[in-house]
Every structure is written in C-alpha cells, then in structure tokens.
Amino acid sequence: MMFDIAIILINYNSSDHSINCIRSIIEKTSKNINYQIIITDNCSKQEDYLKLKLFCEETGLNNLKLHRNRINTGFGAGNMFGVQFANAKYLAFINNDTLFKNDCLLILKNALENNPNIGIAGAQAYKENGDFLGSLDHFASPMREILGRNFLETINSKKYPNRKKIYTQPLQVNFVPGSFMFLRAKDFYNAGGFDTNIFLYYEETDLCIRLANKSKFAYLIPEAEFIHFHGGSTEKSLAIKKELKISLLYIMQKHYGFFGYKIVLYFLVLKYFFSSIFKPKNWSLFFLILTGAPISKSLKTKQIITE
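Rules of the game
Residues numbered from 1 in each chain as written. Predicted model: local features only at pLDDT ≥ 70, side-chain atom pairs only at ≥ 80, totals over all residues. Heavy atoms only, no water. Helix = DSSP H or I, 4+ residues; strand = E, 2+ residues; numbered from the N terminus. Rg over C-alpha atoms; globule rule 2.2 N^0.38 Å. Buried < 20%, exposed > 50% of the residue type's maximum accessible area, 1.4 Å probe, protein only. Contact = heavy atoms within 4.5 Å. Areas by Shrake-Rupley, 256 points an atom, 1.4 Å probe, with all protein chains shown as cover. Lys, Arg positive; Asp, Glu negative; His and termini not counted. Charge placed at Lys NZ, Arg CZ, Asp CG, Glu CD. Arc of directions from axis to C-beta. Polar contact = N/O pair within 3.5 Å; in protein donor to acceptor, adjacent residues only side chain to side chain. Core = buried A, V, L, I, M, F, W, Y, C linked by side-chain atoms within 4.5 Å. Patch = residues over 30% accessible without salt bridge, like charges linked within 9 Å, V, L, I, M, F, W, Y side chains within 5 Å. Salt bridge = Lys/Arg side-chain N within 4 Å of Asp/Glu carboxyl O. Axes fitted to C-alpha atoms, helices over the stretch in contact; angles between N-to-C directions. Parallel < 35°, antiparallel > 145°, perpendicular 65-115°, else oblique. Left-handed = near helix turned anticlockwise from the far one by under 90°. Nonpolar A, V, L, I, M, F, W, Y, C, P; charged D, E, K, R; others polar.

Chemist: Account for the overall build of the protein, naming residues and giving values.
Modeler: For the protein, the count of helices and strands is ten helices and ten strands. On C-alpha atoms alone, the protein measures out to a radius of gyration of 19 Å, which is about the 19 Å that the 2.2 N^0.38 rule sets for 307 residues. Overall size of the protein, expressed as C-alpha extent along the three principal axes, is 55 × 50 × 40 Å. Residue burial in the protein is summarised as follows: out of 307 residues, 53% are buried. Within the protein, contacts between residues at least 6 apart in sequence are counted, and of these 80% link residues at least 24 apart. Summed over its atoms, the accessible surface of the protein is roughly 14,700 Å², and 55% of this surface lies on carbon and sulfur atoms. Across the protein, the centroid of the 37 positively charged side chains sits 7 Å from that of the 26 negatively charged ones.

In structure tokens, the structure reads:
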C-alpha cells in the first residue's frame, strides 16, 4: 500500500517520549492524510523495548510498525534502517522527544507541493514551557567554527538569517535541525540518504548540503509548530561531547577538503588546549582532537550486538 507520508522515529531507551510523540501525531494529523509510522528501536534495554511494543500492539493500528535493531546504529543508520520499510511519497524524520502543536504534516506537505524548490522542510520548534526554540542554522564550515554564528549573521544577514528571530513566512535557510525533517522520498533517495558513517550529530547538515548541491534547498515553515524536549532522547556526557567533534571534523573533511579540515582541526586543538588548563576534564577531549578525532574513535565502534 502506498502512503502519502512515512514518519520515521527512533527509540533508544526513551519509550515514554516515543509513546507521547505517537499519540500527538495521531491526535493532530488530518484524517485526510494517509500515513504510516515506522519506529526503529535502536537496541534499547529490553524493558524499554517491551513497553513500547505493548503500546504499539494495544493501539491496534495497522499503519504503526515497530522494528528492533540488534545494535545501536546511531541517528543516521537508525533512520536508514527504518526507511527501508517506508512506502510513501514523502518522508518525515522526527525525533521521538517531540509533540505536535498543530497539523504539521499537512502544512509541510502543502508547502512542498506548492514550491518545487523546497528540498527539505522543517517546522518551528518550541520548548516544553512554550518558549521559542531556534529552528534553523548555518552550515558547519571553517568560517562558522572560527568566526561564530553571530558574526556571520551580522556581516551577511541574507545568507545567514537570524537564528533567534521569530518568522511568520517560509524562509530559505542553510539547514533545518534533525529533530523535524520533511522531504520528498525521491529527493532523499537521490541525495543518497543519511551518511551512516556518522553515528550522532551533523547528519542533517550533511544531508542538506548534498540536497543544496542538487538545487533542493532547506526551508523553515513556521506555520507548522511542535514542542521539542531538547536533548530529551540523548544524555549529555563527555563521550557525547567527543562524538560532536568526531562528526564535525568528518563533515569538514568531507565537504571542505583537506585544508578546511586542517584549519578547523588546528583551531580546535588550540581552543581545547587552553580550555583544558582551566577545565581538566577536557584533557581527554583535547588529546582526541590532537589525533584528528578519527571516525574509528566514534561511539559507533563500541556498540554491542544483542542476541
């Protein structure tokens, strides 16, 4: 059966978030949209997986499917595992720590149907307390890493729109956050999908760069609104901080070549050398960057296959 939209969620030891997210999708989505929900359980603890499995069974919905991964493959590969079960014109990659505020899927679907230049669309996020949450960003680049986002927005506000501004009309941006990405299935496949070398972070940057290279651009559609429990599905730790730098440097080398990579690498080496003097816990991060923060040091290589 061909659906209008396939919604891909990843669950990793966060079944309560997943259940609440699914409920909000069902509650807010127009009955005129034919959609499927595909959940990748990324090798959660058994009790968390079984709780989510029971919920899915109790809904009795034929368009809701849960598939369990035998290993935690991370964000990109987890979504690629889920998308193989999709059969739809549009794909919506949505973090499980989100709640719809309105009929996001219909709004985004209409936006793409009315504008063929939109390659990927994002909705406007809000914090759980109702506060505005920035829902656009600028590509990771040597300029952004060294000069900072605020400087780029000051010198060229057209190319680098203000991330903290509330917009009321669709806006072309560099990329939309990975918490909510909506695009045509054919564009996603033509761009090559997510880069599964990346375990966590910068997957949306990488995808949006590749889409933009095909003249398929990212847009913020502020009419579509959702709540994001920012970081609710990922615990912060030194290991996660290291993963951020591994992914960042991978992106630098992939899209900005040897010299772009080296410029950012040397900048980070200096930055974390001096910060480690005042924050000794950063020394291990400094030494990781000093070695080039290779993909071989990623959390991806430390995952264990379950029976």
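On we go from here.
Chemist: Help me get a handle on helix H10 (residues 283–290), residues and values and all.
Modeler: All of the buried residues in H10 are Leu285, Phe286, Leu288 and Ile289. Taken around the axis of H10, the buried residues stretch over an arc of 160°, which confines them to a single face. On its buried side, H10 packs onto helix H9 (238–278). Looking one or two places after H10, you find Gly292, whose phi comes out positive at around 95°.

Chemist: Quick rundown of the environment of Lys51? Include the residues and the values.
Modeler: Considering the arrangement of structural elements, one finds Lys51 in helix H2 (residues 46–59). Among the residues examined, Lys51 registers a relative accessible area of 41% and is labelled partly exposed. With 33 residues separating them along the chain, Lys51 and Ser18 place their C-alpha atoms 10 Å apart. For Lys51, the contacting residues outside a window of four places in its chain are Ser15, Asp16 and Ile19. Here the side chain of Lys51 touches Asp16 through a polar contact of 2.5 Å, side chain to side chain.

Chemist: Give a description of the nonpolar core that names residues and reports values.
Modeler: Counting residues in hydrophobic clusters, the biggest one holds 38 residues, and the most contacted among them are Ile5, Ile7, Ile37, Ile39, Leu105 and Phe180. Sequence-distant contacts of Ile39, defined by excluding residues within four places in its chain, comprise Leu9, Asn11, Ile22, Leu52, Cys56, Leu64, Lys65, Leu66 and His67. If you look at the next biggest cluster of nonpolar residues, it comprises 34 residues, including Ile8, Ile10, Ala185 and Cys208.

Chemist: Break down a positive patch on the surface for me, with residues and values.
Modeler: On the surface, Lys241, Lys271, Lys279 and Lys281 cluster together into a positively charged patch. With respect to the secondary-structure elements, Lys281 resides in the loop between H9 and H10. Overall, the relative accessible area of 63% leaves Lys281 in the exposed class.

Chemist: Account for the pattern of salt bridges, with residues named and values stated.
Modeler: Counted under the stated rule, the structure contains 13 salt bridges. Between Arg149 and Asp137 there is a salt bridge, and its shortest N-O distance comes to 2.9 Å. With a gap of twelve residues between them, Arg149 in helix H6 (residues 149–155) and Asp137 in the loop between strand E7 (132–133) and helix H5 (142–147) connect regions that are remote in the sequence. When its relative accessible area of 29% is taken as the criterion, Arg149 is described as partly exposed. What makes Asp137 buried here is its relative accessible area of 13%.

Chemist: Requested: an account of the packing of helix H8 (residues 203–212) against H9, with residues and values cited.
Modeler: Packed helices, taken two at a time, are described by their axes: the angle between them and the distance between them. For the pair H8 and H9, interaxial distance at closest approach is 11 Å and the crossing angle is 15°. As far as their axial angle goes, H9 and H8 are roughly parallel. By crossing handedness, the relation of H8 to H9 is classed as left-handed. Along its contact with H8, which presents Asp206, Ile209 and Arg210, the element H9 presents Ile251, Lys254 and His255. For the contact of H8 with H9, the class distribution of residues is two nonpolar, one polar and three charged.

Shape descriptors only; they carry no functional weight alone.
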